[in-house]
Amino acid sequence: MKNYYEILGVQKGATEDEIKTAFRKLAHKYHPDKKGGDEKKFKEASEAYAILSDKKKRAEYDAYGRTFAGGGAGAGAGAGGFDFSNFNFGQGFEGFSANGQEFDLGDIFGEFFGGGARQRRGRDISIDIEVPFRESVFGTERRVLLAKTAMCDTCEGTGAAKGTKMVSCTGCNGKGEIRESRSTFFGSFTSTRVCPRCRGRGEMPETPCKTCRGEGVMKREEEIRVMVPAGISDGEMIRMPRMGEAVASGNPGDLYVKLHVKADKQFTREGNNLLTSLPIKLTDALLGGEYRIRTLDGEEALTVPAGVNHGEVIRVRGKGVPYGRGSRGDLLVRIDVEFPKKLSGAARDLIEKLRGEGL
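Here the structure is a predicted model, which means the values were calculated and not measured.

Engineer: Would you mind showing me how to read the overall build of the protein here?
Structural biologist: Helix and strand counts for the protein stand at eight helices and 20 strands. The proportion of buried residues among the 359 residues of the protein is 35%. Considering only intrachain contacts with a sequence separation of at least 6, the fraction spanning at least 24 residues in the protein is 60%. Of the roughly 22,100 Å² of accessible surface on the protein, a fraction of 49% belongs to carbon and sulfur atoms.

Structure below.
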């Protein structure tokens, strides 16, 4: 059984924020579209995050995970008093042999503990979108057109033609699952599995929908609305639950949107602060002056104090990246003093006089 905590690299008691942070790092590292990415590890991380980010699924995983991991039994005495010391276990508990007879533990215990009647789930989808720098700061909305397996609009996912009814499945007598008993080395076990005829619904369309041929899902284009939150960084992922591939009689997968932020010619980002530069004259550096600067909110007046140094930073509060509830970072303006490359005779004389004053 997969250890989702190990896959994400977190402790079992990790908080929701720690799990989210760990997933974002792995998703950014292993994204299939990235050079050096690893599709298998990306899917493993996505699967782990889908379970551990859901409180109910995580609680179920923690409960059954300890059972499957064999946390309570020792090497010699197993559950129910059986002695496993003479058994040769296959890797991952796929099977073992005793007295020359082969047994499949995955088949026996997997279905006994609920593995046989597992809910179907659609595939996850990963896409990339690019947003301008300003929109990454203040947030935006994007609409993307995806070709995917989605719910049939004609029958609204029922698989039945309009005006017809659903009838009880004869394969499972309307129960949605088939119970089977089998004799094993440990005794008789009863397991359940999803009915293959009705796919767990317990009912079937009397007349199948012609659009989707009774499947309830079909391949088509669907417009997806992506809400880009304010302050998102380049490379971050947005998870949209149940917006991935649909599957008949099951839960849709998730959609993962990776954000690429276009670089801005004037601004760079440092946490919740924005950085820019302002070239000023040498005389204004000495005597001070007034300048108009561009911010993401429009133009602002900036007072340059007398005696400012080259490379000094002036802070304009509240003009950075939004965060929290109504809070924003600052705009940091770096002063670049422009020194003249050529001097007129009059300018040279004046500077000589300043030198005489000790400046």
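Past the structure itself, the notes keep going.
Engineer: Whenever I open this one, the packing of helix 2 (residues 16–30) against helix 3 (residues 39–52) confuses me. Can you help?
Structural biologist: What describes two packed helices is the angle between their axes and the distance between those same axes. Where helix 2 meets helix 3, the closest approach of the two axes is 9 Å, and the angle between their N-to-C directions is 160°. One way to sum up the angle between helix 2 and helix 3 is to call them roughly antiparallel. The handedness of the crossing between helix 2 and helix 3 is left-handed. Where helix 2 approaches helix 3, its residues I19, K20, F23, L26, A27 and Y30 are matched on the opposing element by E39, K41, F42, A45, S46, Y49 and L52.

Engineer: Quick question: what am I supposed to make of helix 8 (residues 345–356) here?
Structural biologist: Since one α-helical turn is 3.6 residues long, residues separated by three or four positions face the same way. Under the 1.5 Å per step criterion, the end-to-end length of helix 8 is 17 Å for 12 residues, consistent within 8% with the ideal 16 Å. Of the residues one or two after helix 8, G358 is the one with positive phi, at around 90°.

Engineer: Just checking my understanding: could you explain the environment of L255 for this structure?
Structural biologist: The topology assignment puts L255 in strand 12 (residues 255–261). Between the alpha carbons of L255 and I224 there is a distance of 9.8 Å; along the sequence they are 31 residues apart. Filtering out sequence-adjacent residues up to four positions away, L255 remains in contact with I125, I127, L146, I224, I238, R239, M240, M243 and G244.

Engineer: Teacher, can you tell me more about the pairing of strand 4 (residues 125–131) here?
Structural biologist: Every second residue of strand 4 is oriented toward a common face, the buried set being I125, I127, I129 and V131 and the non-buried set S126, D128 and E130. Pairing of strand 4 with strand 12, which is carried by seven bridges, proceeds in the parallel orientation. Across the sheet, S126 pairs through a bridge with Y256, a residue of strand 12.

Engineer: What is the right way to look at the sheet that holds strand 17 (residues 313–316) in this model?
Structural biologist: Strands belonging to one sheet form pairs held by backbone hydrogen bonds; the direction of such a pair is parallel or antiparallel. Strand order in this open sheet of four strands is 13-14-20-17, and the pairing throughout is mixed. At either end of the open sheet lies a strand with only one pairing partner, and these are strand 13 (268–270) and strand 17. Sheet twist, expressed as the average angle between the axes of neighbouring strands with direction ignored, equals 35°. Across four bridges, the pairing between strand 17 and strand 20 (residues 331–338) is antiparallel. Following the sheet pairing, R315 is matched in strand 20 by L332.

Engineer: Whenever I open this one, the nonpolar core confuses me. Can you help?
Structural biologist: The nonpolar side chains of a soluble globular protein tend to be buried with one another. Of all hydrophobic cores here, the largest spans 36 residues; its most connected members are V226, V257, L278 and I280. Sequence-distant contacts of I280, that is, excluding residues within four places in its chain, are made with A285, Y291, V304, V308, I335, D336, V337 and E338. Membership of the second largest hydrophobic core comes to 20 residues, among which are Y4, Y5, V10 and L26.

Engineer: What is the right way to look at the state of the cysteines in this model?
Structural biologist: Where two cysteines share a covalent bond between their sulfur atoms, that bond is called a disulfide. In total, this model carries zero disulfides according to the counting rule given. Of the cysteine sulfurs around C169, a residue in no disulfide, the closest is that of C172, at 3.8 Å. With no disulfide of its own, C195 lies closest to C198 among cysteine sulfurs, the gap being 3.8 Å. Look at C195 and you get buried, because its relative accessible area is 1%.

Engineer: What's the story with the pattern of salt bridges in this structure? I'm lost.
Structural biologist: It is possible for side chains of opposite charge to pair when their charged atoms get near one another. Under the counting rule described, the total for this entry stands at 23 salt bridges. Across the pair D153 and R220 runs a salt bridge, and its minimum N-O distance is 3.3 Å. Of the two residues, D153 is situated in the loop between strand 5 (140–151) and strand 6 (166–168) and R220 in strand 10 (residues 217–228); the sequence distance between them amounts to 67 residues. Here D153 falls in the exposed class, since its relative accessible area comes to 53%. Here E245 makes a salt bridge to K219, at a shortest N to O gap of 3.7 Å. Note that E245 is positioned in the loop between strand 11 (237–240) and strand 12 and K219 in strand 10, a separation of 26 residues in sequence. By sharing partners, the salt bridges in this structure join R121, D124, R239 and D254 into a single network.

Engineer: Sorry if this is basic, but what is going on with the confidence of the model for the protein here?
Structural biologist: Detailed conclusions should not be drawn from predicted coordinates in areas where pLDDT is low. Of the residues in the protein, 83% reach a pLDDT of 70 or more, and the chain-wide mean stands at 81. Of all secondary-structure elements in the protein, the lowest mean pLDDT belongs to strand 1 (residues 88–89), at 39, while strand 17 reaches the highest, 97.

Engineer: When you look at the packing of aromatic side chains in this model, what are you seeing that I'm missing?
Structural biologist: Here a ring pair, both rings aromatic, is described through the centre-centre distance and the interplanar angle of the planes. Evaluated as defined, the whole model comprises three aromatic pairs. Consider the rings of F23 and Y49, whose centres lie 4.4 Å apart with planes at 10°: the pair is stacked. Taken together, the residues span a long stretch of sequence, with F23 in helix 2 and Y49 in helix 3 at a distance of 26 residues. The exposure class of F23 is buried, given its relative accessible area of 3%. The buried category is assigned to Y49, whose relative accessible area is 9%.

Engineer: Teacher, can you tell me more about a nonpolar patch on the surface here?
Structural biologist: Together, L343, I351, L354 and L359 make up an exposed nonpolar region whose accessible area comes to about 380 Å². Note that L359 resides in the segment after helix 8. What makes L359 exposed here is its relative accessible area of 76%.

Rules of the game
- Residues numbered from 1 in each chain as written.
- Predicted model: local features only at pLDDT ≥ 70, side-chain atom pairs only at ≥ 80, totals over all residues.
- Heavy atoms only, no water.
- Helix = DSSP H or I, 4+ residues; strand = E, 2+ residues; numbered from the N terminus.
- Buried < 20%, exposed > 50% of the residue type's maximum accessible area, 1.4 Å probe, protein only.
- Contact = heavy atoms within 4.5 Å.
- Areas by Shrake-Rupley, 256 points an atom, 1.4 Å probe, with all protein chains shown as cover.
- Axes fitted to C-alpha atoms, helices over the stretch in contact; angles between N-to-C directions.
- Parallel < 35°, antiparallel > 145°, perpendicular 65-115°, else oblique.
- Left-handed = near helix turned anticlockwise from the far one by under 90°.
- Expected span 1.5 Å × (residues − 1).
- Pairing = 2+ DSSP bridges.
- Core = buried A, V, L, I, M, F, W, Y, C linked by side-chain atoms within 4.5 Å.
- Disulfide = S-S within 2.5 Å.
- Salt bridge = Lys/Arg side-chain N within 4 Å of Asp/Glu carboxyl O.
- pLDDT = per-residue confidence, 0-100.
- Phe/Tyr/Trp six-rings, centres within 6.5 Å; stacked < 30°, edge-to-face > 60°.
- Patch = residues over 30% accessible without salt bridge, like charges linked within 9 Å, V, L, I, M, F, W, Y side chains within 5 Å.

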